[in-house]
Amino acid sequence: MRLIKLITPGLVILSMACEVAQLTYNNPLDVEEGEVPALVFSPTTIETSVGGSAVFEIFAVQVAGVTGIHTQIAFNSTRLGVTNVSPGDFFDDDNQAPMFFTVPANPSTAVDTLDIYYFFLGDGLTKDGTGAVATVIFNTKLSATSTLEFTAESEFVDPDDLAIQINSLGQGTVTAQ
């Protein structure tokens, strides 16, 4: 009887203390197996003030045999402007420097779409894996929620300039208040 009096309170306390945590994972780089290769924005959502900046990184996720990347981002240029675009480190290589450019050449003049080209020239050099393609800084013009989307014009290519299927094109959201 004495043992029951000792064990029962211990079990009650133990069962009350064992609450299972409900963790939420929202990493845009965690793409489901059937949805790779993919292009994603990180982070997927940014809240800022009117006139504020929203910094997004663009990632190629689980690609294989890629020698070039073209991303076309659609956005509402009434609500958002492009402040700056800089290359990511996905194609960094000691043997060959990649080419990187945007259309328009001055990203701040982009109207509703921004094209980013990032690729190796020549000798069949390819990359596999996940990495940053570019960093894009948007500035907000109005109090609104705006969506960033990769268009169907976005592509990965192999050394023969043949398209590699992209199974998932991510979205980003900017909310300016």
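If you're wondering where the values come from, they're calculated on a predicted model, not measured in any experiment.

Student: Before we go on, may I ask you to explain the overall build of the protein in this structure?
Tutor: Helix and strand counts for the protein come out as 1 helix and 13 strands. Helices and strands appear in the protein in the N-to-C order α-β-β-β-β-β-β-β-β-β-β-β-β-β. Burial analysis of the protein (177 residues in total) assigns 38% to the buried set. Within the protein, counting contacts between residues at least 6 apart in sequence, those at least 24 apart form 75% of the total.

Student: How do you make sense of the confidence of the model for the protein when you look at a structure like this?
Tutor: Low-pLDDT portions of the prediction should not be read for the details of their coordinates. Model confidence for the protein is summarised by a mean pLDDT of 86, while 81% of its residues fall at 70 or above. The model gives residues 17-25 a pLDDT under 50, and that stretch makes 0 contacts with residues more than four places away or in other chains.

Student: Sorry if this is basic, but what is going on with the packing of aromatic side chains here?
Tutor: Throughout the structure, instances matching the rule amount to 10 aromatic pairs. Each residue in the set F41, F56, F75, F138 and F150 is aromatic and connected to the rest through ring pairs, giving one cluster.

Student: Just checking my understanding: could you explain the nonpolar core for this structure?
Tutor: One broad trend across soluble globular proteins is that nonpolar side chains are buried collectively. Core analysis: the biggest nonpolar cluster contains 31 residues, and I58, I73, V136, F138 and L148 have the highest contact counts within it. When residues of this core are traced back to their parent elements, those giving at least two are β1 (38-42), β3 (53-66), β4 (68-74), β5 (80-87), β7 (113-119), β8 (127-140) and β9 (144-150). Per-element accounting of this core gives the leading share, 6 residues, to β3. In this structure F138 touches G52, S53, A54, F56, I73, F75, L80, G81, V82, T83 and L148, once residues within four positions along its chain are discounted. Membership of the second largest hydrophobic core comes to 6 residues, among which are V36, V40, V61 and A132.

Student: In this structure, what is going on with the pairing of β9? I would like to understand it.
Tutor: Regular strands place their side chains on alternate faces of the sheet. The alternating pattern of β9 places A144, S146, L148 and F150 on a buried face, while none of T145, T147 and E149, on the opposite face, is buried. Pairing between β4 and β9: 2 bridges, direction antiparallel. Bridge assignment links I73 to a residue of β9, and that residue is F150. Two strands pair when backbone bridges link them, and β9 and strand β13 (residues 171-176) are joined in this way by 6 bridges, in the antiparallel orientation. Pairing of S146 across the sheet is with V174, part of β13.

Rules of the game
- Residues numbered from 1 in each chain as written.
- Predicted model: local features only at pLDDT ≥ 70, side-chain atom pairs only at ≥ 80, totals over all residues.
- Heavy atoms only, no water.
- Helix = DSSP H or I, 4+ residues; strand = E, 2+ residues; numbered from the N terminus.
- Buried < 20%, exposed > 50% of the residue type's maximum accessible area, 1.4 Å probe, protein only.
- Contact = heavy atoms within 4.5 Å.
- pLDDT = per-residue confidence, 0-100.
- Phe/Tyr/Trp six-rings, centres within 6.5 Å; stacked < 30°, edge-to-face > 60°.
- Core = buried A, V, L, I, M, F, W, Y, C linked by side-chain atoms within 4.5 Å.
- Pairing = 2+ DSSP bridges.

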